[in-house]
Structures are given as C-alpha cells and as structure tokens.
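Overview (structure and organization)
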Amino acid sequence: MKRQILIALFLVSLNISAQENRFLAHPHYGGTESEFLETQEWQTLDLVDRTLDANPVQDGDLSGARKMTLFALDGIVHNSIYDKTPAIRHYMEGRLEKIVERMDEPVTGGLRVFKIYNMGFVLKTASMTVAIDLSSQEGARFPLEIADRIADRCDALFITHNHNDHFDNHVVDRFLSQGKPVVAPTEYRPENTEIIHRRPEEGKTLDGKLRFRGKTLKYRLLPGHQNITETTCIMCNHIGLMFPEGYTTVHLGDQAHPEDNTWMRKAGEMLPGVDILFSTVWMGDLGIIIPGYNPRTVIVGHENELGHGVTLRIPYWYAYHNYADIGRPLIVMGWGEVYDYERK
C-alpha cells in the first residue's frame, strides 16, 4: 500500500503548472542538459521532502516507502554537480527549518533525537537539550543563521574529534559567547581555555558532570580513534551521556581504529545500559562494536557527505546493508528528521 502511495505522490509531483518550470511546459524543450537535470533535482527533492514528512521515523521501520525515498535522495546527492545548486540548498534549509520549529516543542517523556547533518545530532529530554558534532562547516552546508538558531536552543555542545565536519568554529564560539559548555578532545583548539578539554587515558573512561536548571547531565568519555592514514590516527572521544531522566546514549564520532577493539569488546561494562548508539553508516567491526556496547537501538549518520568524491559519500542504501544483522532496531534518518525514543 505504501508503495502505491509513493508512486501516486510521484505522479502528482509531476503535475505542476507550465509557469513553474519551462522544461515541463514542453516535453521536447531544447534546453541544456544542466537545465534538464536541475529541473529533475527540484522535482525529486520536493517529493523526498513531502514523503519523509508523510512517513516519519518509527522504531525499526524498514518499510518500502522510507527506503525508496532515501534511495531517491541517494540518486540526487551522488551526482556531485548538485552539491552547491539552489535546489539542494533549498532542500537542506527547508528540512532544518522544521528542526528549529520542533526544538521549541516541550518533551514530556522519552528522548527526542534531531538529525541535523552528517554526525550532527541534538538530543532533548524534559530537562535539557544537548548537541553533538553540530557543524554547518562554517556555513558551507547550511546557513550560519540556522546553525545559530539551533545552538541557541541547546544547553551544551560535545565534539568527538578534530575534523571540520564534526566541529564548526562559528558554532563553538556561539555557545561560548552565551556561557554554554563546550566539551572537546584536547586536539581541538587547545589554546582556548574556555573549552572544556577532556581526553581519557587509553583503555579507560573519564567522567564529568554539567548542571542545567537544577538538573545534572553526567557524561563519560571513552578513548576512541579515527585512522587518517595507515600510520596516523587522531583522537575520537566516544561520548556517553547519562540524562537525569534515566536515558543513556553513546556517540562514536568517526571511530575507525582496529586497535580499539580490545577495549570495545567490553564497552558495555564501561558504559552500561546504552539506549541509543550513534555510529557512522560506514562503520566497520560491527561484530565487535555492537555486541560490545549492547545498545537497545542504533542510529546511523554520516550518509552522503557533500563535498566528498562520489565513492566516499556513503549512501543510505548502504546503511541497510551494513547493519542488516545487528539484531536490534536500526533507525535511518534523513537530514532534518526527528525520532522520539521511548524505552520498551
């Protein structure tokens, strides 16, 4: 049934007036290839936007409607000519405007997850709102004005590692200017004493606390890494958050370092009771990481990173393939989507 609805929506989307687009005004319009493809991009992104809204994220939802829609988005963003087009900018801004509106809604129970872009997520409970790896890449991916409005609605920012798709100096400075805590590994802007620089020793955890309006957020950092080359790697803190409402999450950043497998096999002992694990779409060693942390739910990120070569912007369809055998609910979210988690 959902597939029939999706096909119907696609047909309806093509039924627009001639004034809206001159190519559609005449099926044999003799314009350029780029004009044709741009028209196709606008049409597809409009349909993706409306279909995601009509089929919101749900627990373990692997339905054809959502998968087909995300796969359609794969088809657009895997053509690098679209990276800076008005259509993709319009789509991204429109999705994130919806995020900002939803962030003002109170959360009365559970944990609300906002997917921003790449590995950028915002987590909101009844008592606080926390951002992790929030980055517009200095306005290159979405306007700084939207990044500011998201930051203004958060209480704290955590950064997993020193890559500019996981930090944004403008966003960090926005938090600091408002007296909000920013927790980051020691490799990120080490000269800035306003930032809370923290890095656990190898194989150990490092705990901390933050207070907001009389409520305490406990955090626990674990010492991950990301391999940059065969011989070099950088710090990548795994960020465990323990909310006062009793929910525990862990965000792995861009974890990619086989030598961490030794301690990750027992990660669930180091950070017990994980409700949600956030990991990259391309994460390896899942047979170690998932049983090690033993989360109730997995949410993937880092799909379709604009600016990368086509083979390095990993598609949504790969998420379903890579995580097919994890033995627990998998949540695949598009940019600007919201997921409400409640422990079953």
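Heads up: the structure comes first, above all this text.
So, a few notes on the structure that sits alongside this text. (Residues numbered from 1 in each chain as written. Predicted model: local features only at pLDDT ≥ 70, side-chain atom pairs only at ≥ 80, totals over all residues. Heavy atoms only, no water.)

This next bit is on the sheet that holds strand E2 (residues 121-124). With mixed pairing, seven strands are arranged side by side in an open sheet as E6-E5-E4-E3-E2-E1-E14. With one partner strand each, in any of the chains shown, strand E6 (196-197) and strand E14 (338-341) form the two edges of the open sheet. Sheet topology note: the strand E5 (residues 182-184)/E6 ladder contains two bridges and is parallel. Looking at the pairing, Val183 lines up with Ile196 of E6. Most of the contacts of helix H5 (residues 86-103) go to strand E1 (residues 111-115), to which it runs at about 160°, and overall it touches E1, E2, strand E3 (129-132) and E14. Together, E3, strand E4 (156-158) and E5 form the strand contacts of helix H7 (residues 169-177), whose direction differs from that of E4 by roughly 145°. (Pairing = 2+ DSSP bridges. Helix = DSSP H or I, 4+ residues; strand = E, 2+ residues; numbered from the N terminus. Contact = heavy atoms within 4.5 Å. Axes fitted to C-alpha atoms, helices over the stretch in contact; angles between N-to-C directions.)

This paragraph deals with the pattern of salt bridges. For the coordinates displayed, the defined rule picks out 24 salt bridges. As a salt-bridge pair, Arg153 and Asp104 come within 2.8 Å of each other at their nearest N and O atoms. Note that Arg153 is positioned in the loop between helix H6 (144-152) and E4 and Asp104 in the loop between H5 and E1, a separation of 49 residues in sequence. Several salt bridges converge on common partners, so that one network encompasses Asp49, Asp53, Arg95 and Lys98. (Salt bridge = Lys/Arg side-chain N within 4 Å of Asp/Glu carboxyl O.)

The tally for this structure, following the rule as stated, stands at nine aromatic pairs. For the pair Phe158 and Tyr219, a centre-to-centre distance of 5.3 Å together with 70° between the ring planes defines the contact as edge-to-face. On the criterion of sequence distance, the pair formed by Phe158 in strand E4 and Tyr219 in strand E8 (residues 215-227) is long-range, its members being 61 residues apart. Judged on exposure class, the residue Phe158 and its partner Tyr219 are both buried. Taken together, the ring pairs connect Tyr91, Tyr117 and Trp335 into an aromatic cluster. A cation sits over an aromatic face here: Lys67 above Tyr320, 4.8 Å from the ring centre. (Phe/Tyr/Trp six-rings, centres within 6.5 Å; stacked < 30°, edge-to-face > 60°. Buried < 20%, exposed > 50% of the residue type's maximum accessible area, 1.4 Å probe, protein only. Lys NZ or Arg CZ within 6 Å of the ring centre and 35° of its normal.)

Coordinates in, geometry out; function isn't part of it.
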